[in-house]
Amino acid sequence: MRKLATEVKALPLGGKNGLSVHYYITVDEIPGIRNNDPFELYGICVETGQESSMIQGITPHQFQIEELAERLAGSLVTPAHLEDIVQDMLGIFL
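It should be emphasised that the depicted structure is a prediction, and the values quoted were computed from it without experimental measurement.

S.K.: Could you clarify how one ought to interpret the packing of aromatic side chains in this entry?
M.R.: The description of an aromatic ring pair uses the distance of the two centres, along with the angle that the planes make with each other. Applying the stated criterion to the full structure yields 0 aromatic pairs. Over the aromatic face of Tyr24 sits the side chain of Lys3, whose NZ or CZ is 4.5 Å from the ring centroid.

S.K.: Would you take a moment to explain the pattern of salt bridges for this structure?
M.R.: As a working rule, side chains carrying opposite charge can pair if their charged atoms are close by. The final tally for this structure, using the stated rule, is 4 salt bridges. Salt-bridge contacts for Glu47 lead to Lys3; the nearest nitrogen and oxygen are separated by 2.6 Å. Within this pair, whereas Glu47 is found in strand E3 (residues 39-47), its partner Lys3 is found in strand E1 (residues 2-11), the two being separated by 44 residues in sequence.

S.K.: Help me understand the environment of Val46, please; the structure alone is not making it clear to me.
M.R.: Relative to the assigned elements, Val46 resides in strand E3. Owing to a relative accessible area of 0%, Val46 belongs among the buried residues under this scheme. Between the C-alpha atom of Val46 and that of Leu76, which follows or precedes it by 30 residues, the distance is 10.0 Å. In contact with Val46, other than residues within four places in its own chain, are Val21, His22, Tyr23, Glu51, Ser52, Ser53, Val77, Thr78, Pro79 and Leu82.

S.K.: What is the right way to look at helix H1 (residues 62-74) in this model?
M.R.: The α-helix winds at 3.6 residues per turn, so residues separated by three or four positions along the chain end up facing the same way. Taking 1.5 Å as the rise per residue, H1 with 13 residues should run 18 Å; its terminal C-alpha atoms sit 18 Å apart, in good agreement. The inward-facing, buried residues of H1 contact E1, strand E2 (19-30), E3, strand E4 (52-59) and helix H2 (82-89). Count one or two residues on from H1 and you reach Leu76, which has phi positive near 55°.

S.K.: What's the story with the sheet that holds E1 in this structure? I'm lost.
M.R.: Two pairing modes exist for strands in a sheet, parallel and antiparallel, and in both the strands are linked by backbone hydrogen bonds. The antiparallel open sheet is built from 4 strands, whose spatial order is E1-E2-E3-E4. The sheet terminates laterally at E1 and E4, the two strands that pair on one side only. With strand direction ignored, the average angle separating the axes of adjacent strands in the sheet is 20°. Bridging between E3 and E4 involves 5 bridges; their strand directions are antiparallel.

Rules of the game
- Residues numbered from 1 in each chain as written.
- Predicted model: local features only at pLDDT ≥ 70, side-chain atom pairs only at ≥ 80, totals over all residues.
- Heavy atoms only, no water.
- Phe/Tyr/Trp six-rings, centres within 6.5 Å; stacked < 30°, edge-to-face > 60°.
- Lys NZ or Arg CZ within 6 Å of the ring centre and 35° of its normal.
- Salt bridge = Lys/Arg side-chain N within 4 Å of Asp/Glu carboxyl O.
- Helix = DSSP H or I, 4+ residues; strand = E, 2+ residues; numbered from the N terminus.
- Buried < 20%, exposed > 50% of the residue type's maximum accessible area, 1.4 Å probe, protein only.
- Contact = heavy atoms within 4.5 Å.
- Expected span 1.5 Å × (residues − 1).
- Pairing = 2+ DSSP bridges.
- Axes fitted to C-alpha atoms, helices over the stretch in contact; angles between N-to-C directions.

Here you go:
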């Protein structure tokens, strides 16, 4: 699996200290069934200094995972909420 950094967002907390939220696209190579040519499955990883959450194998389409990563970062989704948010958003890719 490879992780490709997409964005880092600052999540404001009370006082001076904020929390950096890092967003990554994950890439898993899967061997092909017929001619052994691999294909890629894309997922999402969100990390802060304290926690991390990853969902692999969301889509084989790079443009869809890039759009999802952009929406997650734009909404400041944290690792604690990643799974619920992605489950709610998956309908946009069906």
